[in-house]
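# A look at the structure
Residue-level listing of the chains:
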Amino acid sequence: MEKKKILAITLARGGSKRVPRKNIILVNDKPLLQYTVDEVKKSKYIDKYIVSTDDDKIINVCKQLNVDYHKRPNELAQDTSTSASAIKNVIDSNPDYDIIVEIMCTNPLKNVEDIDGCIKKLINTKSDSVVSVVRIWDNHPSRVKYIENDLLNSFYPEIPESRRQDLTPPAYVRNGSIYAFWKSSFLKHNNR
């Protein structure tokens, strides 16, 4: 791992429609962003951490937290802008990294073990990318249905009266916390 240069990025746009400046809303007297910053700073592997934002108030929080920030152009901070375009914008200004780790601050429950675990899994499995997931129980695919002609139908066969812990195979969903990927793969495919 010491031979790989690792850049962590958090995208923190200020213009969310549902919850403006959600990334710096106070949660238990701390800006939401700080929960991520505190864990990233504990990482054994991350060489540089940058918050990409278009918002001056978020920049001020970054300064208070002693975190590097990248002023994102307004055209990359719109409702229709993609995460990939914002990540590429940061990479273009920081080209000397092998691995990129996008760490989302809207999920404050991740910890440094989760972050470093994704980085280790990316390297150890030789995957193009790794994403953090959480196991789902009650919403297992065998319990998810759709309605057609007023009838409830299964997407996936359900064993009648099965307990949630017996549903197989175990099912997982991305939890919106961490994406780790090789810069070369990202630039080739233009996505995480």
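What counts and how
- Residues numbered from 1 in each chain as written.
- Predicted model: local features only at pLDDT ≥ 70, side-chain atom pairs only at ≥ 80, totals over all residues.
- Heavy atoms only, no water.
- Helix = DSSP H or I, 4+ residues; strand = E, 2+ residues; numbered from the N terminus.
- Buried < 20%, exposed > 50% of the residue type's maximum accessible area, 1.4 Å probe, protein only.
- Polar contact = N/O pair within 3.5 Å; in protein donor to acceptor, adjacent residues only side chain to side chain.
- Contact = heavy atoms within 4.5 Å.
- Pairing = 2+ DSSP bridges.
- Phe/Tyr/Trp six-rings, centres within 6.5 Å; stacked < 30°, edge-to-face > 60°.
- Lys NZ or Arg CZ within 6 Å of the ring centre and 35° of its normal.

## Let's talk about the side chain of E102
With respect to the secondary-structure elements, E102 resides in strand β6 (residues 99-103). Under the relative-accessibility criterion, E102 is labelled buried at 2%. Engagement of the side chain of E102 in a polar contact is seen with the side chain of R192, the distance being 2.5 Å. Residues within four places of E102 in sequence aside, it is in contact with I9, L11, S83, I87, S177, I178, Y179, F181 and R192.

## Considering the pairing of β6
Burial within β6 is extensive, with five of its five residues counted as buried. Where burial is concerned, the two faces of β6 agree: the one with I99, V101 and I103 and the one with I100 and E102 are both buried. Across four bridges, strand β1 (residues 6-11) lies against β6 in parallel orientation. Counted as the bridge partner of L7 is I100 from β6. As defined by bridge partners, β6 adjoins strand β10 (residues 171-182) across five bridges and the pair is classed as antiparallel. Paired with I100 across the strands is F181, a residue of β10.

## Some points on the packing of aromatic side chains
Ring pairs (aromatic) are described by centroid distance and by the angle formed between their planes. Under the counting rule described, the total for this entry stands at two aromatic pairs. Seen from their ring centres, Y146 and F155 are 4.8 Å apart, and the 50 degrees between their planes marks the pair as tilted. Under the relative-accessibility criterion, Y146 is labelled partly exposed at 31%. Taking the ring centre of W137 as reference, the NZ or CZ of R135 above it sits at 3.9 Å.

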